[in-house]
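Listed below are the residues making up each chain.
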Amino acid sequence: MKEELDVPLAGLTTMRVGGPARRLVTVTSTDELVDAVRECDDAEEPLLVLSGGSNVVIADEGFDGTVVRIATRGVEVDSADACGGVFVRVAAGEPWDDLVEQACASDWSGIEALSGIPGLTGATPVQNVGAYGQDVSQTIAQVRVWDRREEAVRTFANADCHFTYRHSLFKGRERYVVLDVLFQLRPADLSQPIAYADLAAGLGVEVGDRVPLADARAAVLEQRGRRGMVLQESDHDTWSCGSFFTNPILSSSQFDLFEQRAAARLGPDAPRPPRFPSDEGIKTAAAWLIDKAGFGKGYAMPGPAALSTKHTLALTNRGGATAADVAALAREVRDGVHDAFGVQLVAEPVMVGHAL
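Residues numbered from 1 in each chain as written. Predicted model: local features only at pLDDT ≥ 70, side-chain atom pairs only at ≥ 80, totals over all residues. Heavy atoms only, no water.

**Student:** How would you sum up helix H2 (residues 96-105)? Please name residues and give values.
**Tutor:** Taken together, the buried positions of H2 are occupied by Trp96, Leu99, Val100, Ala103 and Cys104. End-on, the buried residues of H2 take up no more than an arc of 135°, which puts them together on one face. Buried residues belonging to H2 abut strand S6 (75-81), strand S7 (85-91), strand S8 (108-109), strand S13 (176-187) and helix H4 (213-226). Trailing H2 by a residue or two, Asp107 shows a phi angle of about 60°, which is positive. (Buried < 20%, exposed > 50% of the residue type's maximum accessible area, 1.4 Å probe, protein only. Helix = DSSP H or I, 4+ residues; strand = E, 2+ residues; numbered from the N terminus. Arc of directions from axis to C-beta. Contact = heavy atoms within 4.5 Å.)

Listed below in structure tokens is the structure:
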């Protein structure tokens, strides 16, 4: 366990904004993680648990408390057989894309479409991370957490995690700290059926086809790279939290009103808004909403905060942005979409110390 005082937090996030932590504690084992959290709770001290920093915007004032930075590592095969699959237990601090790369190299199928996503494994069940037709809820068997209220380790089976689109039992609640995640993957050298049309087109296959895992991973990385969603020091389009807003899910009546607003704004002959079936309603595309509301790629360039020149859904730091700059741009985009279409966008990153 390493303890530091008055540490800038911007460099620990992919958005690269935010002030200092009064105290930063870096933990490298599960026991250290539990001890650090318990120490803060016993002292009634403000606590921020920081994972990979890819889904957080920290206020310019920083955090007046203890930030526990998770740096635990470990990927262990619990069991493997042809019928039950491969059960792999992964420490919360294991970099997510390292796990995906290992899975593809080991012929573990089920998370290949989630290649290139930044952050750590322990954060993936919290927001049910997903992309290109896969999400982690499809392969998570168990999530082991520290329950701060009960002061005990608890294990949640998949059904008990209440996974929905970009949400889970753990999101928006400070009660649980993820310690490790057990994945049930499939022993196969082929991907799961390709579910995303653009990905299938890039691979030259049909939706529903399966391809070698290495090919699926390479195609996903290429798609993400073109959208500025693979971190690169020299590319300010990647200085972001990835997709800043979730795709709205509307009821049938809400979607009908939205279509009417879209037709009135864009004209009756304009393409109709994207519409995707969902267990929770009708999903539409936040990127489409942002673009059609007048916020195109590169909006607000040269910054200091601006939309990515590659993807309207990414709010980016052009090199000198503050958290206040990012929040102001997010509010402008959110309010502009609502004014144009009557649809409320919801921010995906955790906003620490400020609200939209």
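**Student:** Could you give an account of the packing of aromatic side chains, with specific residues and numbers?
**Tutor:** Considering all chains together, one arrives at 11 aromatic pairs under this definition. Ring plane angle 90° and centroid distance 5.8 Å describe the contact between Phe258 and Phe341, whose orientation is recorded as edge-to-face. Residue Phe258 is found in helix H5 (residues 252-266), and its partner Phe341 is found in helix H7 (residues 323-341); the two are separated by 83 residues along the sequence. The class for Phe258 is buried, based on a relative accessible area of 1%. Site record: aromatic cluster; members linked through ring pairs are Phe255, Phe258, Trp288 and Phe341. Directly above the aromatic system of Trp239 lies the positively charged group of Arg16, at a separation of 4.0 Å from the ring centroid. (Phe/Tyr/Trp six-rings, centres within 6.5 Å; stacked < 30°, edge-to-face > 60°. Lys NZ or Arg CZ within 6 Å of the ring centre and 35° of its normal.)

**Student:** Talk me through the nonpolar core; I want residue IDs and the actual numbers.
**Tutor:** Membership of the largest hydrophobic core comes to 52 residues, with the highest contact counts inside it found for Leu33, Trp96, Ile111, Val143, Phe170 and Phe183. The dominant element in this core, judged by the number of residues it contributes, is S13, at 7 residues. If you look at the next biggest cluster of nonpolar residues, it comprises 35 residues, including Phe245, Ala262, Ala340 and Met351. (Core = buried A, V, L, I, M, F, W, Y, C linked by side-chain atoms within 4.5 Å.)

**Student:** Explain the pattern of salt bridges to me, using residue names and the numbers behind them.
**Tutor:** Taken as a whole and assessed by the stated rule, the structure comprises 24 salt bridges. In this structure, Glu3 engages Arg23 in a salt bridge whose closest nitrogen and oxygen atoms are separated by 3.2 Å. Pair noted here: Glu3 is in strand S1 (residues 2-8) and Arg23 is in strand S2 (residues 20-27), with a separation of 20 residues, a long-range link. You can call Arg23 buried: its relative accessible area is 9%. Here Arg73 and Asp98 are joined by a salt bridge, their closest N and O atoms 3.8 Å apart. Residue Arg73 is located in the loop between strand S5 (63-70) and S6, and its partner Asp98 is located in helix H2; the two are separated by 25 residues in the primary sequence. (Salt bridge = Lys/Arg side-chain N within 4 Å of Asp/Glu carboxyl O.)

**Student:** Can you lay out the sheet that holds strand S14 (residues 249-250) for me, pointing to particular residues and giving the numbers?
**Tutor:** Either a parallel or an antiparallel arrangement is found when strands of a sheet pair, and the pairing is made through backbone hydrogen bonds. A sheet is described by the order of its strands in space; here 3 strands give the open sequence S14-S16-S15, paired in antiparallel fashion. A strand with exactly one partner marks an edge of an open sheet, and here the two such strands are S14 and strand S15 (276-278). As defined by bridge partners, S14 adjoins strand S16 (residues 281-283) across 2 bridges and the pair is classed as antiparallel. Note that in S16 the partner of Ile249 across the bridge is Lys283. (Pairing = 2+ DSSP bridges.)

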